[in-house]
Amino acid sequence: SDRTYLKQCSRSFSSVMITGDSQVLRAAGEELADGLGHMTGNTIEMVAAPNRRGTVVAGTFGSSPLIDALLPDITAGTTGEEGFVIRSVRHRGRRITVIASDGERGVLYGAFRLLRVVGSRSSPDDISLFEKPATVLRLLNHWDNLDGSVERGYAGSSIWNWHLLPGYISPRYKDYARANASVGINGTVITNVNANALVLTPTYLRKVAAIADVMRPYGIRVYLTARFSAPSEAGGLPTSDPLDPQVVQWWRDKAAEIHDLVPDFGGFLVKANSEGQPGPHNYGRTHAEGANMLADAVAPYGGVVMWRAFVYD
């Protein structure tokens, strides 16, 4: 029965110990304490060491001798940055559920996975899970416009309130980040692929940075759509030819500017020479020349360029 199960969970989960301190690990600890507390009825304590009742110990390999002692058969490098191990163990007479990963995001994903285990009424004392994502980039692609409308949107206005950013941060942004992290989303393209060059101006980049600050503790990188003609539309250049040295330098400077504001900036999504959008064909250049010019700009910061493949022109 639910009562019997919750009583069992109450014995297994009374506290949370996070080995390490960072935005992502703190978020994992908050999710565990809040989620387990709501589901079991316990007041979940944050502790520095396992207690006599059940404790969830979560952290990265090497962050604590305890993690290594609890999982002696798992070596660093097994899970990757975003995979995780969850296992029920007994250690020195204590009931412990351990969540471990090579990376902090893996710990966060493991925290959400444990909450799903409890929510599905699986035995809290017999957990043995190993999961590792098969796809590196797991992104959402918004078609949201800067005026708050959503192209082909059917559920109201955009979640992003550009008018009030960066001064006002809607609580929905954190809810959005939590919901996406709970299913392993690690990136979001927050602007319409039919792009507006305005988002690359300093005023809007500060707004983008405010959104990215909310996403970061949940392992979500922010990406932007790039209008190919932005150097001439927003930068005052006479051309946006991808082989023009001034244009090449403009994009390099822009990537550096974005990185200064958003250190984990993911990169650009581009729709070029399709359905009226500008692109390298406007200047007699190939798609490879256009895409590689942008890729060279974001490469120093670990960014990527996603180049939309359907081309009509």
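Scroll up a little and you will see the structure.
Keep in mind it's a predicted model, so treat the numbers as computed, not measured.

Observations concerning the overall build of the protein
Looking only at helices and strands, one finds nine helices and 11 strands in the protein. Dimensions of the protein, computed from the C-alpha atoms along their principal axes, are close to 75 × 40 × 35 Å. The burial tally for the protein puts 53% of its 313 residues in the buried class. At a minimum sequence separation of 6, the contacts of the protein that also span at least 24 residues come to 72%. Across the protein, the centroid of the 31 positively charged side chains sits 9 Å from that of the 31 negatively charged ones.

Remarks on the nonpolar core
Counting 73 residues, the largest nonpolar core has Met215, Leu224, Trp251 and Phe268 as its most contacted members. Look past the residues within four positions of Phe268 in its chain and what remains in contact with it is Leu200, Leu224, Ala226, Trp251, Ile258, Leu294, Val298, Val304, Val305 and Met306. Met17, Leu70, Val85 and Val98 belong to the second largest nonpolar core, which has 13 residues in total.

Section: the sheet that holds strand 3 (residues 55–60)
Within the open sheet, the six strands sit side by side as 2-1-3-5-4-6. Their pairing is mixed. Among the strands making up the open sheet, the edge pair consists of strand 2 (45–46) and strand 6 (128–131). Pairing between strand 3 and strand 5 (residues 94–101): six bridges, direction parallel. The residue of strand 5 that forms the bridge with Thr55 is Ile96.

With respect to the environment of Arg216
Tracing the backbone shows Arg216 in the loop between helix 6 (202–215) and strand 9 (221–225). Counting along the chain gives 177 residues from Arg216 to Met39, while the straight-line C-alpha distance between them is 26 Å. Other than its neighbours up to four places away in sequence, Arg216 contacts Gln23, Val24, Val262, Pro263 and Asp264.

Analysis parameters
Residues numbered from 1 in each chain as written. Predicted model: local features only at pLDDT ≥ 70, side-chain atom pairs only at ≥ 80, totals over all residues. Heavy atoms only, no water. Helix = DSSP H or I, 4+ residues; strand = E, 2+ residues; numbered from the N terminus. Buried < 20%, exposed > 50% of the residue type's maximum accessible area, 1.4 Å probe, protein only. Contact = heavy atoms within 4.5 Å. Lys, Arg positive; Asp, Glu negative; His and termini not counted. Charge placed at Lys NZ, Arg CZ, Asp CG, Glu CD. Core = buried A, V, L, I, M, F, W, Y, C linked by side-chain atoms within 4.5 Å. Pairing = 2+ DSSP bridges.

Geometric descriptors of this kind do not, in isolation, establish any biological role.
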